[in-house]
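Letter by letter, the chains look like this.
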Amino acid sequence: MVRFYMKKLLIIIILSLFVSKSTFAKTIGEGELKLGDNIMQYFWQYIKGKGSKKPGTFVVAIDGSYATYWYCPESRCSVGDEKNYVKMCEVDANIECKVFARSRTIKWKNGINSGKGNLSKINSKQSYDAFKNQMTQLGFYGNNEKTSKKKNKKTSVEKDDSGFVKKIKELNDMYKSGVLTKEEFTKAKEKLLD
């Protein structure tokens with residue numbers, strides 16, 4: 001009889017883990033997203049933290065028009081109730097919201113950002129200009145195509161941002177098809193970001 005209840009308890013625990021993982025996956029944003037200057041400054045404020053409080057979760061409207069965030073009150077804390085955070089954002093923004101970042105890692109997947117690894121982490125000690133540059137390279141800030149066309153008309157020496165995006169997409173395709181190993185992909189992507 002005790003074995004029956006233990007098995008039942010074990011099954012409930014395993015199922016709850018699967019449900020919680022799928023809930024987290026549904027809260028993470030995907031697709032193209034451009035952040036305006038005000039949301040960029042707000043995200044930078046979140047990244048910097050406040051005193052002993054560390055960034056917890058940053059949630060943004062899918063059109064980039066609104067954002068909100070939560071801090072961890074301790075140095076070590078769990079993600080929190082992201083599903084509830086998203087609902088609260090949606091009430092305030094009056095549009096669908098998704099998780100953009102956990103701690104200092106951008107989780108939003110847009111075809112350039114994978115949502116994990118060093119490329120997705122934001123260093124809170126870098127300058128605001130370096131931060132904006134990283135966000136541009138990850139595809140979340142600025143308008144790469146229009147900017148590069150304007151720059152190319154003025155001078156051909158300027159960096160072609162649309163070519164950069166194309167190269168990143170080509171690398172992603174080669175990695176997904178198995179042509180590149182994960183290590184080769186990471187090295188090539190880091191080289192492009194430099």
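Residues numbered from 1 in each chain as written. Predicted model: local features only at pLDDT ≥ 70, side-chain atom pairs only at ≥ 80, totals over all residues. Heavy atoms only, no water.

1. A look at the nonpolar core
In step 1: Formed by 23 residues in total, the largest nonpolar core has its most connected members in F43, F58, V60, F100, I106 and M135.
In step 2: Mapped by element, the contributors of at least two residues to this core are α2 (37-48), β1 (54-61), β2 (67-72), β3 (97-102) and α4 (128-137).
In step 3: Among the elements that make up this core, the one with the highest residue count is α2 (6 residues).
In step 4: Filtering out sequence-adjacent residues up to four positions away, F58 remains in contact with I39, Y42, F43, Y46, A67, T68, Y69, K98, V99, F100 and A101.
In step 5: One finds I28, V86, C89 and C97 within the second-largest nonpolar core, a separate group that totals 10 residues. (Core = buried A, V, L, I, M, F, W, Y, C linked by side-chain atoms within 4.5 Å. Buried < 20%, exposed > 50% of the residue type's maximum accessible area, 1.4 Å probe, protein only. Helix = DSSP H or I, 4+ residues; strand = E, 2+ residues; numbered from the N terminus. Contact = heavy atoms within 4.5 Å.)

2. Observations regarding the pairing of β1
In step 1: With respect to burial, β1 is a largely interior element, 7 of its 8 residues being buried.
In step 2: In terms of strand pairing, β1 meets β2 through 6 bridges, oriented antiparallel. Bridge assignment links K54 to a residue of β2, and that residue is C72.
In step 3: The turn joining β1 and β2, which pair antiparallel and follow one another in sequence, is formed by 5 residues; a positive phi near 75° is taken by G64.
In step 4: Bridging between β1 and β3 involves 5 bridges; their strand directions are antiparallel. By the bridge assignment for β3, V60 is matched with K98. (Pairing = 2+ DSSP bridges.)

3. As for the state of the cysteines
In step 1: Summed over all chains, the structure comprises 1 disulfide.
In step 2: A sulfur-sulfur separation of 2.2 Å characterises the disulfide bridge that pairs C89 with C97. Since a negative S-S torsion denotes a left-handed disulfide, the C89-C97 link at about -65° is left-handed. (Disulfide = S-S within 2.5 Å.)

4. Some words on helix α3 (residues 82-93)
In step 1: For α3, spanning 12 residues, the distance from its first C-alpha to its last is 16 Å, which sits close to the expected 16 Å at 1.5 Å a residue.
In step 2: Among the residues making up α3, those that are buried are E82, Y85, V86, C89 and A93. The buried residues of α3 all sit within an arc of 100° when viewed along its axis, so they share a single face.
In step 3: Once α3 ends, the next one or two residues include N94, with phi positive near 60°. (Expected span 1.5 Å × (residues − 1). Arc of directions from axis to C-beta.)

5. Digging into the sheet that holds β3
In step 1: As summarised here, the arrangement of the 4 strands in space is β2-β1-β3-β4, forming an open sheet in which the pairing is antiparallel. With partners counted over all chains shown, the strands left at the sheet margins are β2 and β4 (105-106), one partner each.

6. A few points about the packing of α2 against α4
In step 1: Taken N-terminus to C-terminus, the directions of α2 and α4 make an angle of 115°; their axes are 11 Å apart at the nearest point. Along this stretch, α2 crosses α4, giving a crossing that reads as right-handed. Touching D37, M40, Q41, F43 and W44 of α2 are Y128, F131, K132 and M135, all from α4.
In step 2: Of the residues belonging to the contact of α2 with α4, the class tally is 6 nonpolar, 1 polar and 2 charged. (Axes fitted to C-alpha atoms, helices over the stretch in contact; angles between N-to-C directions. Left-handed = near helix turned anticlockwise from the far one by under 90°. Nonpolar A, V, L, I, M, F, W, Y, C, P; charged D, E, K, R; others polar.)

7. Description of α2
In step 1: Taking 1.5 Å of rise per residue, the 12 residues of α2 would be expected to cover 16 Å, and the 16 Å separating its terminal C-alpha atoms lies within 8% of that figure.
In step 2: Taken together, the buried positions of α2 are occupied by I39, M40, F43, W44, Y46 and I47. All buried residues of α2 project into a common sector of 160° when viewed along the axis, lining one side.
In step 3: Lining the buried residues of α2 we find β1, β2, β3, β4 and α4.
In step 4: Among the residues trailing α2, G49 stands out with phi positive, at a value near 75°.

8. Structural notes on the confidence of the model for the protein chain
In step 1: Per-residue confidence for the protein chain gives a mean pLDDT of 77, with 71% of residues at or over 70.
In step 2: Ignoring residues within four places in sequence, the model shows residues 144-161, a span with pLDDT below 50, making 15 contacts including any to other chains. (pLDDT = per-residue confidence, 0-100.)

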